[in-house]
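Descriptive analysis of the structure
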Amino acid sequence: MSMRYIIRRPKPEDLDQVRGFVSDLDKQLGEPGADLRRELWHVISPMQRVVFDVTARKVGEKYQWVCHTVELVAETEPDFRKLSQQFQVTDLSHLS
């Protein structure tokens, strides 16, 4: 059974962290527009993946891509703990 953890990003409009994992980010996202949403998967290994939830938000007259949440997914607890460390998740007390 997969272990999942959703992280709310403090600066959703800053896509630099996402770019670090998704090299062709602009190509995968395309042009932002009304009611658009993308799930970008980055597979680290068969046991670990990261899912970036990206939506379009209207700012003034234009739309921009924002990433409010990152979902960490791992198949085992050790893999989940490694992934959590990579994303600096400090409170894993719910696993105890």
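Presented here is an overview of the structure given in this document. (Residues numbered from 1 in each chain as written. Predicted model: local features only at pLDDT ≥ 70, side-chain atom pairs only at ≥ 80, totals over all residues. Heavy atoms only, no water.)

Among the structural elements, R49 can be located in strand 3 (residues 48–59). The exposure class of R49 is buried, given its relative accessible area of 17%. Each residue touching R49, except ones within four places of it in the same chain, is listed here: R4, W41, H42, V43, I44, E71, L72, V73, E75 and L83. (Helix = DSSP H or I, 4+ residues; strand = E, 2+ residues; numbered from the N terminus. Buried < 20%, exposed > 50% of the residue type's maximum accessible area, 1.4 Å probe, protein only. Contact = heavy atoms within 4.5 Å.)

This model, assessed by the stated rule, comprises three aromatic pairs. Seen in terms of ring centroids, Y5 and F80 are 6.3 Å apart; in terms of plane orientation they differ by 65 degrees. Their pairing is edge-to-face. Of the two residues, Y5 is situated in strand 1 (residues 3–8) and F80 in helix 3 (residues 77–86); the sequence distance between them amounts to 75 residues. Among the residues examined, Y5 registers a relative accessible area of 23% and is labelled partly exposed. (Phe/Tyr/Trp six-rings, centres within 6.5 Å; stacked < 30°, edge-to-face > 60°.)

With 22 residues, the main nonpolar core has V18, L40, F52, L72 and F87 as its most contacted residues. Elements with a contribution of two residues or more to this core: strand 1, helix 2 (25–29), strand 3, strand 4 (62–74) and helix 3. Among the elements that make up this core, the one with the highest residue count is strand 4 (five residues). (Core = buried A, V, L, I, M, F, W, Y, C linked by side-chain atoms within 4.5 Å.)

This part takes up the pairing of strand 2 (residues 37–45). For strand 2 and strand 3, the ladder comprises eight bridges, and the chain directions are antiparallel. Looking across to strand 3, one finds that V43 is bridged to R49. In this structure, the hairpin formed by strand 2 and strand 3 is closed by a connection of two residues. (Pairing = 2+ DSSP bridges.)

This paragraph deals with the side chain of Q48. In this structure, Q48 sits in strand 3. On the basis of relative accessibility, which here comes to 10%, the residue Q48 falls in the buried class. At 2.7 Å, the side chain of Q48 and the backbone oxygen of D79 are in polar contact. (Polar contact = N/O pair within 3.5 Å; in protein donor to acceptor, adjacent residues only side chain to side chain.)

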